[in-house]
Amino acid sequence: MAFSATIRNVQYCGPGKTIVSGDWSGLAGDAAGTMTLSGIVQRATFQGFDADNFCQILPRVSTSVASGITTITIENQEPVTTGYFTIEKLG
């Protein structure tokens, strides 16, 4: 099971700010997962849960920006059955 993410909700918080949330999964040892969003990401929080819905990890997350597009890289170190993410972005 490679990294997989699904956006479940997009909330517009006035002009210029958006909160994107959803769920993700992945295996330890797989290549880092990536997501690409337009705008500048202020905060990206990913939480990993196992099959029993017990919180396991907060994976290392990094961002890079080019031409107003942000690429988020999620480096997963544990098997995640169900994970949840929240991303706050400008633009």
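These remarks concern the structure in this document.

Rules behind the numbers
- Residues numbered from 1 in each chain as written.
- Predicted model: local features only at pLDDT ≥ 70, side-chain atom pairs only at ≥ 80, totals over all residues.
- Heavy atoms only, no water.
- Helix = DSSP H or I, 4+ residues; strand = E, 2+ residues; numbered from the N terminus.
- Rg over C-alpha atoms; globule rule 2.2 N^0.38 Å.
- Buried < 20%, exposed > 50% of the residue type's maximum accessible area, 1.4 Å probe, protein only.
- Contact = heavy atoms within 4.5 Å.
- Pairing = 2+ DSSP bridges.
- Axes fitted to C-alpha atoms, helices over the stretch in contact; angles between N-to-C directions.
- Salt bridge = Lys/Arg side-chain N within 4 Å of Asp/Glu carboxyl O.

This part covers the overall build of the chain. Helix and strand counts for the chain stand at 0 helices and 8 strands. Of the regular secondary structure in the chain, the N- to C-terminal order runs β-β-β-β-β-β-β-β. Over its C-alpha atoms the chain spans a radius of gyration of 13 Å, differing by no more than 12% from the 12 Å that the globule rule assigns to 91 residues. Principal-axis analysis of the C-alpha atoms gives the chain an extent of 40 × 25 × 15 Å. Burial statistics for the chain: of 91 residues in total, 29% are counted as buried.

Moving on, we get to the side chain of Thr70. Tracing the backbone through its elements, the reader meets Thr70 in strand E7 (residues 69-75). On the accessibility criterion, Thr70 (1% relative accessible area) is buried. Among residues more than four places away in sequence, those in contact with Thr70 are Met35, Thr36, Leu37, Gly39, Ile40, Val41, Thr63, Ser64 and Val65.

Strand order across the open sheet formed by 3 strands is E3-E7-E6, with antiparallel pairing between neighbours. Sheet topology places strand E3 (33-38) and strand E6 (60-66) at the edges, where each strand pairs with a single neighbour. Strand-to-strand, the axes of this sheet are offset by a mean angle of 20°, without reference to chain direction. Where E6 meets E7, 7 bridges bridge the pair, whose relative direction is antiparallel. Bridge pairing in E7 links Val61 to Ile74.

When charged atoms on two side chains of opposite charge get close, those side chains can pair. Taken as a whole and assessed by the stated rule, the structure comprises 4 salt bridges. One salt bridge in this structure joins Glu88 and Lys17, with 3.3 Å as the shortest N-O distance. Placement of Glu88 in strand E8 (residues 80-90) and of Lys17 in strand E2 (residues 17-26) is noted, with a sequence separation of 71 residues between them. You can call Glu88 buried: its relative accessible area is 16%. On the basis of relative accessible area, Lys17 is assigned to the partly exposed category, the value being 28%. With its nearest N and O atoms 3.9 Å apart, the salt bridge here joins Arg43 to Glu88.

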